[in-house]
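# Tertiary structure, described
Residue strings, one per chain:
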Amino acid sequence: MFSDEYFMKIALQEAEAALEKDEVPIGCIIVSGNRIIARAHNLTETLNDVTAHAEMQAITAAANFLGGKYLQNCTMYVTLEPCVMCSGALNWSQISKLVIGARDEQRGFINKNLTLHPKTQVVTGVLENECSEIVKTFFKNKR
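Residue positions are given per chain, counting from 1 as you read along its sequence in written order. Whole-chain, interface and lining totals are the exception, using all residues; otherwise, since this is a predicted model, local features are given only for residues with pLDDT of at least 70 and side-chain atom pairs are given and counted only at 80 or more. Computation of side-chain values: all heavy atoms of the structure, hydrogens and water removed.

What counts is decided by this rule: UniProt positions are given in the numbering used here, feature names are shortened, and annotations may be inferred rather than shown by experiment.
The name that an unreviewed UniProt entry assigns to the protein is tRNA-specific adenosine deaminase, with the source organism given as Chryseobacterium koreense CCUG 49689. Note on the protein: under the UniProt heading Catalytic activity (unreviewed entry), the record states "adenosine(34) in tRNA + H2O + H(+) = inosine(34) in tRNA + NH4(+)". Under the Sequence similarities (unreviewed entry) heading, UniProt states for the protein: "Belongs to the cytidine and deoxycytidylate deaminase family. ADAT2 subfamily."

As structure tokens, then:
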């Protein structure tokens, strides 16, 4: 069995792929049965689509892989706390577990007092420093 840190490192690789495309460096993977079934990173600039967040891309890919819209018995690893839009999609997907690298105090769903599906377990702070640093550096370089 692989650890949350192991899978978050793979999500960070996706964030690096976003960075290479000059996208906000957020990466995401979805795991089922200890197997990665979806990988994604932000593509909002590439696709000119405000909904092309890493989480949305991964949810769609995982649902296609599984052949159904529910992600029960799946875990999402995401480098930055999901926004309100993505948390809504995660709620509807009924994902079993959400593992977050860094919190997003301004745009994340947690401070908005929103919740996910009642059965979804949430873990925060996995490789928090690494996940936070890549986003901070990206925006610092943009200024």
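### Looking at unusual backbone geometry
As a reminder, the rule being used: Labels follow the DSSP assignment, with helices taken as runs of H or I lasting at least four residues and strands as runs of E lasting at least two, numbered in each case from the N terminus. For the exposure calls, accessible area comes from a 1.4 Å probe over protein chains only, and a residue counts as buried if that area is under 20% of its type's maximum, exposed if over 50%, partly exposed in between.
Here the phi dihedral of N113 falls at roughly 60 degrees; this positive angle occurs in a residue that is not glycine. Along the chain, the position of N113 falls in the loop between β4 (97–102) and β5 (121–124). Even without a glycine there, the phi angle at L127 is positive, about 55 degrees. By the secondary structure assignment, L127 is in the loop between β5 and α4 (128–142). Among the residues examined, L127 registers a relative accessible area of 16% and is labelled buried.

### Here we look at the nonpolar core
The condition that has to hold: The term nonpolar core refers to a set of buried residues drawn from Ala, Val, Leu, Ile, Met, Phe, Trp, Tyr and Cys, joined through side-chain atoms within 4.5 Å. The contact definition used throughout considers only heavy atoms, calling two residues in contact when any of these lie within 4.5 Å.
By size, the foremost hydrophobic cluster in this structure holds 38 residues, and its most contacted members are M8, I30, M76, Y77 and L98. Listing elements by their share of this core, those giving two or more residues are α1 (4–20), β1 (27–32), β2 (35–41), α2 (54–66), β3 (74–80), α3 (84–93), β4 and α4. Of all the elements, α1 adds the most residues to this core, at six residues. Those residues in contact with L98, other than ones at most four positions away along the chain, are M76, V78, P82, L90, F109, L116, T120, Q121, V122 and V123.

### A word on the UniProt feature "domain: CMP/dCMP-type deaminase" (unreviewed entry) in the protein
Per the UniProt record, "domain: CMP/dCMP-type deaminase" (unreviewed entry) is found at residues 2–112. Taken end to end, residues 2–112 has its terminal C-alpha atoms 32 Å apart, with 36% of it in helix and 23% in strand.

### What to know about α4
As a reminder of what qualifies: Multiplying 1.5 Å by the residue count of a helix minus one yields the expected span of that helix. The reported arc concerns the directions from the helix axis to the C-beta atoms and nothing else.
The first and last C-alpha atoms of α4 sit 22 Å apart over 15 residues, in line with the 21 Å expected at 1.5 Å per residue. Within α4 the residues assigned to the buried category are C131, S132, I134, V135 and F138. End-on, the buried residues of α4 take up no more than an arc of 160 degrees, which puts them together on one face. Residues of α4 that are exposed and angled more than 90 degrees away from the buried face: N129, K136, K140 and N141. Residues of α4 that are buried sit in contact with α1, β3 and β4.

### A short note on the environment of L12
Residue position: L12 is located in helix α1. Separated by 39 residues in sequence, L12 and T51 place their C-alpha atoms 20 Å apart. Sequence-distant contacts of L12, that is, excluding residues within four places in its chain, are made with T79, L127, E130, C131 and I134.

### Observations concerning the UniProt feature "binding site: Zn(2+)" (unreviewed entry) in the protein
Inclusion rule: Of the grid points, spaced at 1 Å and generated over the protein atoms alone, those admitting a 1.4 Å probe that cannot get out make up cavities, while open sets with protein on both sides within 12 Å along at least five of seven lines make up pockets; any residue with an atom within 4 Å of a point is treated as lining.
When the UniProt feature table is mapped to this numbering, "binding site: Zn(2+)" (unreviewed entry) covers H53, C83 and C86. In terms of the greatest pairwise C-alpha distance, the residues named above, spread along 34 residues, form a tight cluster of at most 9.2 Å across. Lining the largest pocket, from the set of annotated residues above, are H53 and C83. Among the secondary structure elements, H53 is positioned in the loop between β2 and α2.

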